[in-house]
Structure formats: C-alpha cells, structure tokens
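Now for the letters of each chain:
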4 protein chains.
Amino acid sequence: MSLEAELKVDIKLVARKNNENTIIDLENTKVGEGFFTIIAGPCSVENKEIIEETAHFLSELGIKIMRGGVFKPRTSPYSFQGLGKKGLEYLKLAAEKYNLKIITEALDEDTLKLVNECADIIQIGSRNAQNYGLLRKVGKLNKPVLLKRGFMMTIEEFLYSAEYIAFEGNKNIILCERGIRTFETKTRNTLDISAIPVLKKETHLPIIIDPSHAAGRRDIIPDLIKASLAIGAHGIMVEIHPQPEKALSDGKQSMIFKEFEKTIKEIKELADVLKVEIK
Amino acid sequence: MSLEAELKVDIKLVARKNNENTIIDLENTKVGEGFFTIIAGPCSVENKEIIEETAHFLSELGIKIMRGGVFKPRTSPYSFQGLGKKGLEYLKLAAEKYNLKIITEALDEDTLKLVNECADIIQIGSRNAQNYGLLRKVGKLNKPVLLKRGFMMTIEEFLYSAEYIAFEGNKNIILCERGIRTFETKTRNTLDISAIPVLKKETHLPIIIDPSHAAGRRDIIPDLIKASLAIGAHGIMVEIHPQPEKALSDGKQSMIFKEFEKTIKEIKELADVLKVEIK
Amino acid sequence: MSLEAELKVDIKLVARKNNENTIIDLENTKVGEGFFTIIAGPCSVENKEIIEETAHFLSELGIKIMRGGVFKPRTSPYSFQGLGKKGLEYLKLAAEKYNLKIITEALDEDTLKLVNECADIIQIGSRNAQNYGLLRKVGKLNKPVLLKRGFMMTIEEFLYSAEYIAFEGNKNIILCERGIRTFETKTRNTLDISAIPVLKKETHLPIIIDPSHAAGRRDIIPDLIKASLAIGAHGIMVEIHPQPEKALSDGKQSMIFKEFEKTIKEIKELADVLKVEIK
Amino acid sequence: MSLEAELKVDIKLVARKNNENTIIDLENTKVGEGFFTIIAGPCSVENKEIIEETAHFLSELGIKIMRGGVFKPRTSPYSFQGLGKKGLEYLKLAAEKYNLKIITEALDEDTLKLVNECADIIQIGSRNAQNYGLLRKVGKLNKPVLLKRGFMMTIEEFLYSAEYIAFEGNKNIILCERGIRTFETKTRNTLDISAIPVLKKETHLPIIIDPSHAAGRRDIIPDLIKASLAIGAHGIMVEIHPQPEKALSDGKQSMIFKEFEKTIKEIKELADVLKVEIK
C-alpha cells in the first residue's frame, strides 16, 4: 500500500484524544508532564570503574536514571560492539549501590531478554525504530520503554511505532527526539525541536530529548538542554563521560562531568519559572 | 569549482575570531548579545487600518520594531504580490505615529531603492539568500540588514552570504534562522535551533529566529519563542495579525494578538533568569 | 563513537579492491555484471489465484524470479500484515509449477527461519537495513540475500550493512537502491540513480534498482526501468499486479501486466546495444 | 500565505494540458521532444585559448551549443568571480569562428543586459531559481532561457518559476534538472532523474539534465549521460575542460575531452534505438 493510503488507519492507543497524560512511575522518580527528568551516563559501559564513578557522580547531583550501552548497534561490524552481559552486571552493581534506575538498549530478541532482566527502562534505538518485530516483542513486556525516533522518520511514523508497542499491551512508553538527518553538517543530525510541541498535541505519552546524538558535539549541548526545558520536553538523555577524549564511543559528543554539573545547576531557576520539577 | 575547494577560502569579516559582538543600534532599541529583541507584524501590509492597529498594539506592548511585507516573493505569479509603494507609505505613517522602527523585504535593485528610503532594517529573504548581486548592493548601503537563511542553506553558506554584505562595507547584519527544508511535513520547515549556538561560536553577528516560517502553524509558536529565548537567540521575528483567518498571506501561521501578548508576558520572567533584556 | 570516527574502520569484504565481480547463480538465471535481471510480482501475496496468474505471466515473458511479500513491515499495526505461512505456500506452489525462483522478505528471527526454508533469495527491507542482529543472522545462512538500502541511508552505511552480512560468511549479496527520502513530494522517494555507478566503483556486489518504491506511482516506472538499464544496474525489481486498483497494498505503484510486458519488450533492443543480457 | 494555499493557484502557461511540445529553434540546432541536444564547455571562461580550443573540439564533434560562465555566482566573495565582459568577447569570437551557439549565465539586471547582447540562450542558475525579479526581467526578453532547478526546489516550485518567465511573455524556456540537496555525500547533489518523466507529464517545455553539478565528480558522468538519454531527457549540459586539473572552477567535475568524445560516440547507437536525434 502506498504510505498515504496506509496511514489513513488511525493512531488510536497513543493518541491524545481525551486521554490523560501518561506519567511513567519509576519508584525513585517519574517521567511525564510537570517533570523534567534527567537521564545521563556514558555512551557505552566500558569498564566497572567508569560506571561506578558515573553512578556516584549522578547520585551526588540527585539524578535518578543512568544510561549506558552494553549492546551497541554499530555501523561497522569492526567497531566496538559493547561489553554485553558483563556490562549489564557492572550497570546493575553500580545502580544498586547508588539507588539509580538503569536504561540500556536492546537490539533483538536475545539481547531484549537480557536487558529485560536487568534494566528499568528498555531502550529501542533509532535504527530499530521501525523494526516492528522488536516493537511487538517489547510491547508484550511489562516494563517502561524508551523509543527513539528514527533519524529518517516522520512524526507520524514515530507515533505508529509507538502504537505497535501499545497495541501489544505495553503503554509505558517514553518517546525520544534525537535529531533527524538533513543536509547540514555542522551538527551530526538536526534536532527537530518543533517535534516536542507537535507531539504533545498528538499524544499523551511523555517526550524527552537526546541532545547528544542530535548535536554530535559537546560544546552546544548546554544550550540545547536549556531549549529542551523551555519548550516543554519532559526530560533529556545526555551522554557524559569522566574522560571523553578516551571514550570508546561518542567521545566527541560526551559532556565532561564538570560542564554537565554546571548546566544542571543553571537550569534549576529556569525550571522554577516554568513551574516544572527537575527529576 | 567544487564547493569544497571553493570553501577553503576563509570567512573573514563576519567570523568571530577576536571580534567583539556586533550590537545593532536602532536608537529606540538594540539587537545583539544581552538582548532579546522582538519584531512582529503581519506577513503582508494589506491596508492602512490593519497596520495602524498592529502598530498601536505593538507600542502598547513596548515592542519597538514592526515587520510587514510590501514586496512579496511569491511562488506563483498569480498570488498577491504585495501593496508595493502604497504599503511602504502605510508602514511609514504607522511607524511614525507610534515611534516604531520598520523592517521590510527588498527583492531586487528597484525595490531595494524604495525600501532603503523608508525602512530602518532591510530584509533579504530566504529565496534571495544566495542572490549575490543583491547581497553586494545591500552591502553598499549604510543601513542594518536582516539576512534570512535560505531554507536549503548550510550554516557555512549562510556565513558566506553574510560575508558578501560585509565585504562591500556594510557590517550591520542580523542573521535570521527560519527553518530548513526536510522530509517532515507536520511543520512547514524544520527549525534548526542548533544553528543558534553554532553560529554564536562562529560569528560576532546577532542571530534571531523566525518561528512563524519555521512552523507554518500558529499553535506551536509560543513554545518555539520560549526555546529561542532559552537557547540564546538575540530575538525573534513573528507574524501576527488581528484576524489571521482573513489574512491575504500566511494566515495559518500568524498569531492572534491576544495569544502573542500572553506569550510576551510569559517570557519576561524567563528572560530575567537568563539575564537577558527583552527589547 | 561519532560516525566519522567509527567509519574510519575500512569496508573490507564487500569492497571492490581487486575482487572479481560477484555473480549470483540461481540455476535458472544469474544476477551480476553483464546481466540485467528482472524480478517482478505483487507487493503482497494476496491469494492463490493472483500468484498463479502472475507466475504464469512471468514465465510466458521468460522472467525467472518472482517477488511477493508474505510478511509485511507495515507502518501501522492496523494495516494488512501479509498472509504469512499460507502466503509462502502459495508462492512455492506457483514457483514450482512455472519453474521460477522466489524472493520474499524476512522481518526477524522467526520469519527468517520460514523464509529461508522456502525462498531462493531472502529480502532484507529498507526499514531493517540497519537491523544488525538480523543482518548477522542472514549472514550465517547459505542463501542469496537482497539487501535494500534504507531510505535515509548513505551509500557508505549501505556498504557497511552489506559488510555485516559478508562478515558472518554469506557473500551472496545483491544490493538494491530503492529511493531515498527528500523534500520532493511528486514521487514517494527520490531514486538515487547516481548510487549505481558509485556503488559499482566501490563494491564487487551486484546492484539492482526497485523503481516501484522509488516512484510510488506507476506512470513513470517504464522510464525508470530504461534509465536503470542504461546506467548499468544489474537488474530491477518491479511491483506488478493483475488488477492494481484492487491490490491490498501498493496498488498505486504496481504496473498492470500489459504495460509491464510492453516495457520489457522495449528494453530488449536497448540491452543489445548496451551488450547486456536480459535475464 | 502558506505554501499549500498559495499553490492552489494553477500553473497555466507552462502546463502541458493540450499544448503541443515546445521546440526551441536555434537555427543550427533544436531543443525539445525528439531530440537529445548536447551542450558542453568549461565551467568558467578562463582565457581566449581554452575557449577557442573547446569551440574547435565541439565543432569537430558536431556539437552546436557551447556553455561557459563569465559571471559566476560564487559562495564566497573571495573566489574567482568570472572574467566578465572580457569573457563574453572570447565566447563570441570562438562561437562565430566555429558556428556555435552560446549559453551563459546572467546574475542580475546588469549582467542580464550584457548576456542578452551576446548569448543565444540565457542561463538562470540554481541560486536564482526563485529570484522572481530576475525571472520577470528575462521573461520580457525575446530569447531562449535555460532555467535551472534550485537545489532546494520542489518540481511544483520549479514549474512556478518557469511560469513567472512565461507570464511576462517569453515562452522559450528550457528546464534543467541539476540535482537536489540531500544527506548523501558521495555526490555533490542527488540527481533527481525521476523529475524528467514527471515534468514531461506536467509541462510542454523541454527538459535537460546537467550531470556535472549533480555528480560533482567526473567519473560517473558518462553513466549519467546514458541514463539521461534513456529516460527521455531532451539533452544534457556538461562541463568539459582541456585540463580539468588546472581549471579555475569545477575541475573535479569537468570531463576531459577524450572521455567526453568517447561517451558521445557511445550514445549514438542508444539514440537510434530510442528513435531520438542527437543534436
């Protein structure tokens, strides 16, 4: 069917309509309207020390959710593919010690099983945003899902991918805008910030921003974080690393701890004015 | 020459380097670092009454610069092409009455002459952003220029277009991001908000945002205005209309007065926190 | 890792270098340099009769490979998802009767198993072009794979996805250009025909064109087929349907039999001049 | 007005409707349906010798139209801007000696006057494709115009730009597809070859292809020329240079004479099969 014809079928379960805003409750924090929830951590879990150091740092800042990839979808089969199960263990240990929740990406049926056992939020990445088999499988689980927009995906298609998850029963979905592919080269992708107010009109699901993958360069991330807060996003997911220049992946776009801490402090007052609670 | 080779030649006059931030002084207001300057008005000058009504409204709000197109670059030769000289007169009269500055677009040599006689800021539109003949001509004038980014222009090319103007002597240039063309259709264009911090690193020129043309729909413009302020843009240019549903052009994206007023009031507190003066 | 850094790792197994052109041998036909191989059939297998009718038609025309989707990756969970196993049976029966080879899409581990049992070529679709788990799995099989370019994928990323398959051992890969996503709306996607000569310089793998998904409209497909042949593509995959207006999917872009037959006849002479054998 | 609303106004004069195909008659050659007209020459006129050498070469090959830029729209004001009037003289001299027609670009009112005095076809470049003032001016002249598609322009907007020219009286318009801007980087732009059959359905004007600017690399241009012929384009405009590695502009994409000659010979047989006369 042509896309247009196909899309005449309505988005149902994730559509705003008369639905109340979905608030994802994670015990120690929440994601949804009224909150600006911060998720941070390294691109990849590289070793036990870095994860511990990061977890400690986050807990000092009052941040409740740590990200860290252990199964990495890499463009080249020769690139570092992540620590796998070992990485999950490191994440788990650090999270327990510092009372953090964990988000990490699942790539397929096998890794989904492992991630589901360990993580508090299951991430479906951009390249899998239209992997309908995986969406259906995560839809059958009973755990929050963070669904990243594909970098080639319209907002309408994004909502349909969320609908696949909800259709199977799981309505605990957080949407994540992370930049779309355009001709501009000063940034890795083009952050489609207008998608936030558009999505808030069309769905009751929370929607956060990943400024790191959008920008691909750390120097403008503090500015993107402020804009994310001001436009009404429900949170951010940011790559940070104690020594970005030594990171095995995404070093160029990972913030150093000090810069990140400074930004988090700066946005507090902004959040007060906007009547949003930073989580 | 291939673009790559060609672009090895450096951007010079508009480059940040050790230059101080350019502040455009318009007597009754300023544009540049430290300020968030609001420009508003109808897409087109349609008649004397609407312009008077708009000028009155703006002056009540404390806004100092009014926009209004009189020479309209229209995709079709059969569309309303603007009121021309008559429109300039209406603009002038209303501006004088309410002590406003005027910005309006020049399309070519003929209209540039007329616009230069009447306007306080000369606008070069998106479709003319690489019309180097026109850029050179405006570069020879002694009046502030607002240069809109072409909707398919890289940031690098945008800076080169500004360089053309500066090269001829005129360094009073305000850059304006107004959305780029992508595959997304929920908005008219995709606002490239990351361009703001990128440009602030690369040039000393002020840079503002036109959320109206980026969005193409009025309902998300208040959110885009807040994001523009938070990310550090030096201002906004917004289309407003007393009765958008009757507008001869851009009605769908023009804000009604009441909504606009509400937004302007809402951002005051935000500006205070950000230590920016709303102008 | 930033994409740039990541991509410094070379493409190895699928790179042209000193490798001879890969020719995929399917017993009754071949795909590769020197040939222009035609693959045709309905978007979806809808029922036994249509598949039989199509198979008969193709065999009369001397075409050796029939396409037909049974597991459909649909943007909406409410759209027709394909006949599944039943569809595979119909394909198999018709193919045996008319001595045709079959190509059909696998979406995930489960459907890959079923497709592998029945099809002669396994298709990996655009939305799965960076589903690295699936690429690895198909890389472990001993059967030709047709890999479609993602509609927002660079040529470099496309080659890396092929490398994933080759990396696991399976080097029987046919690349398929099917249009990329741009701002143009007169066609469903923009056929990137330049990708053919570019890819022929960079890889030894055969590369064919899917004009149906690129165009999204049947009226220009004959022209795209001629261009595909002239530019040196190794074949085409075309959607045809006995009654496109009644098709359950992609009707708008499916050619009617008569038009398709006419086109196939017209290109014979062209192929002679180009010294290419139509298969 | 929003673009959609604006575009409801019909394309009239250049629309196909019941109009006969426009054939541009240039005395020594023609452009339009039934012909495949070749235009070639250097990107820029650099000196008298190169133009003479090129003219001689073209006349030997039976080619009737020579291109050569003298007023160059350059991204940077510091790049070579063309020889100007001197260049026009060189073009004129060489053309007269070898009985060639000339096409060269006009950038604005001043250069249009000069170009109109000397050239046989006036080129309006990509960056000026929505410079409506210039389109109107060229529309008032009595000379064939080659209108290049902007690299950011939809087919619909392209037709509206042609309509501007026709609206002022000049209907001798040749459209030129030259690639659109996408995310792909292996080529300078993405040749939108589907635009040819689409445009042939929507307008009676001739439409040619500029493979040089589309590709930005000479190695794939022979392939693009063959595809252009096969898809039904009415001609091509190609950059050639006796010593591309020494060219002041576009050297990377300029074909060397020998390669170009080889390609022109190769397409003769193709043209016979397609029943098209090479001009």
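Procedures and definitions
- Numbers given for residues are sequential positions, taken from 1 along each chain in its written order.
- Chain labels run from A onward and ligand labels from 1 onward, assigned in the order the entries are written.
- Only residues with pLDDT of 70 or above have their local features reported here, since the model is predicted, and side-chain atom pairs are shown and tallied only from 80 upward, although totals for entire chains, interfaces and linings are computed over all residues.
- Here the side-chain values reflect all heavy atoms present in the structure, with hydrogen atoms and water set aside.
- The contact criterion used throughout is that any non-hydrogen atoms of two residues lie within 4.5 Å.
- Buried area, as used here, totals the accessible surface that two parts lose on assembly, with accessibility defined by a 1.4 Å probe and the loss added over both.
- Salt bridges are defined as contacts in which a side-chain nitrogen from Lys or Arg sits within 4 Å of a carboxyl oxygen from Asp or Glu.
- We call two N or O atoms a polar contact when they sit within 3.5 Å, provided that within protein one can donate a hydrogen and the other can accept it, with sequence-adjacent residues counted only if both atoms are side-chain atoms.
- A helix here means a DSSP run of H or I that spans at least four residues, while a strand means a run of E at least two residues long, and both kinds are numbered starting from the N terminus.
- Between the rings of Phe, Tyr and Trp (Trp by its six-membered ring), a pair exists once the centres lie within 6.5 Å; its type follows the angle of the planes, with under 30 degrees stacked, over 60 edge-to-face, and the other angles tilted.
- Accessibility here uses a 1.4 Å probe with only protein chains present; expressed as a share of the type maximum, an area under 20% marks a residue as buried, one over 50% as exposed, and anything in between as partly exposed.
- Copy-to-copy superposition: least squares on the C-alpha atoms, limited to residues that have pLDDT of at least 70 in both copies.
- Side-chain atoms within 4.5 Å link the members of a nonpolar core, which is a set of buried Ala, Val, Leu, Ile, Met, Phe, Trp, Tyr and Cys residues.
- UniProt positions are given in the numbering used here, feature names are shortened, and annotations may be inferred rather than shown by experiment.
- What the arc measures is the spread of directions leading from the helix axis to the C-beta atoms.

Chemist: Where do I start with the interface of chain C and chain D in this structure?
Modeler: If you look at the interface, chain C gives 36 residues, while chain D gives 36 residues. Interface area, chain C with chain D, both sides summed: about 3,100 Å², of which 70% is carbon and sulfur. If you sort the residues of chain C by the area they bury against chain D, C:Phe183, C:Lys186 and C:Val273 come out on top, with a joint share of 18%. In this assembly, chain C and chain D are joined by four salt bridges. Among the ionic pairs, C:Lys186 bridges to D:Glu202, the shortest N-O distance being 2.9 Å. Our enumeration of links across chain C and chain D arrives at six residue pairs in polar contact (both at pLDDT 80 or more). Taken together, the elements giving at least two residues each to the side of chain C that touches chain D come down to helix 6 (155–167), helix 7 (195–202), helix 9 (221–231) and helix 10 (257–273) of chain C.

Chemist: How do you make sense of the packing of aromatic side chains when you look at a structure like this?
Modeler: In this description, an aromatic ring pair is defined by two values, namely the gap between the centres and the angle between the planes. Under the definition given, this model contains 16 aromatic pairs over all chains. With centroids separated by 5.3 Å and ring planes inclined at 85°, the aromatic side chains of A:Tyr78 and C:Phe167 adopt a geometry described as edge-to-face. Placement of A:Tyr78 in the loop between strand 4 (65–67) and helix 3 (85–98) and of C:Phe167 in helix 6 is noted, with the two residues assigned to different chains. Using a relative accessible area of 24% as the deciding quantity, one classes A:Tyr78 as partly exposed.

Chemist: Can you walk me through the relation of the copies chain C and chain D in this structure?
Modeler: Both copies of the chain are related by a screw-like operation: a rotation about an axis and a shift along it. For the pair chain C and chain D, the best superposition has an RMSD of 0.0 Å and corresponds to a rotation of 180° with a translation of 0.0 Å parallel to the axis. Those values place the two copies in the arrangement expected of a two-fold rotation axis. Of the C-alpha atoms belonging to chain C, the one lying closest to the rotation axis is found on C:Ala227, 2.2 Å away. Both copies share a contact surface, since 100% of the interface residues of chain C are interface residues in chain D too.

Chemist: Would you mind going over the relation of the copies chain A and chain C with me for this structure?
Modeler: Once turned by 180° and shifted 0.1 Å along the axis, chain A lies on chain C with an RMSD of 0.0 Å. Of the residues that chain A buries at the interface, 100% are likewise interface residues in chain C, meaning the two copies contact each other through the same surface.

Chemist: What exactly am I supposed to notice about the nonpolar core here?
Modeler: Soluble, globular proteins show a tendency: their nonpolar side chains are buried together. Counting 161 residues, the largest nonpolar core has A:Leu175, A:Ile193, A:Phe260, B:Leu175, B:Ile193 and B:Phe260 as the members making the most contacts within it. Excluding its chain neighbours within four sequence positions, the residues that come into contact with B:Leu175 are B:Leu147, B:Phe158, B:Leu159, B:Ala162, B:Leu199, B:Thr203, B:Leu205, B:Pro206, B:Ile207 and B:Ile208. By size, the runner-up hydrophobic cluster in this structure holds 160 residues, among which are C:Ala40, C:Ile124, C:Val145 and D:Tyr164.

Chemist: Looking at this structure, I do not really get the interface of chain A and chain C. What am I missing?
Modeler: By a widespread convention, an interface's size corresponds to the accessible area lost as its parts come together. At the junction of the two partners, chain A supplies 46 residues and chain C supplies 46 residues. Surface buried jointly by chain A and chain C totals about 4,000 Å² across both partners, of which 49% is contributed by carbon and sulfur atoms. Our count for the chain A to chain C interface comes out at four salt bridges. Close ionic contact of A:Arg181 with C:Glu157 constitutes a salt bridge, the shortest N to O distance being 2.6 Å. In this structure, the connection of chain A to chain C is made through 14 residue pairs in polar contact (both at pLDDT 80 or more).

Chemist: Help me understand the side chain of A:Thr75 in this model?
Modeler: Residues and elements named next belong to chain A. Inspection of the secondary structure puts threonine 75 in the loop between strand 4 and helix 3. On the basis of relative accessible area, threonine 75 is assigned to the buried category, the value being 0%. Reaching out from threonine 75, the side chain makes a polar contact with the side chain of arginine 127 at a distance of 2.7 Å.

Chemist: Would you take a moment to explain the UniProt feature "domain: DAHP synthetase I/KDSA" (unreviewed entry) in chain A for this structure?
Modeler: As annotated by UniProt and renumbered to match this structure, "domain: DAHP synthetase I/KDSA" (unreviewed entry) occupies residues 24–272 of chain A. Taken as a whole, residues 24–272 of chain A contains 40% helix and 16% strand, while its terminal C-alpha atoms sit 22 Å from one another.

Chemist: Please clarify how the pattern of salt bridges should be interpreted in this entry.
Modeler: In a structure, side chains of opposite charge can pair up when their charged atoms sit close to one another. Under the defined criterion, the tally for this structure stands at 80 salt bridges over all chains. Two residues, A:Arg149 and B:Glu184, come together in a salt bridge whose shortest N-O distance is 2.8 Å. With A:Arg149 in the loop between strand 7 (145–148) and helix 6 (155–167) and B:Glu184 in the loop between strand 8 (173–177) and helix 7 (195–202), this residue pair bridges two chains. A relative accessible area of 1% means that A:Arg149 is categorised as buried. Salt bridges sharing common partners tie together A:Arg149, A:Glu177, A:Asp192 and B:Glu184.

Chemist: I tried to follow helix 4 (residues 109–118) of chain D on my own but got confused; where do I start?
Modeler: For an α-helix the count is 3.6 residues per turn, leaving residues at separations of three or four pointing the same way. All names here are of chain D. Those residues of helix 4 that sit buried are Thr111, Leu112, Val115 and Cys118. Burial along helix 4 is one-sided: seen end-on, the buried residues are contained in an arc of 135°. Within helix 4, the exposed residues directed more than 90 degrees away from the buried face are Lys113 and Glu117.

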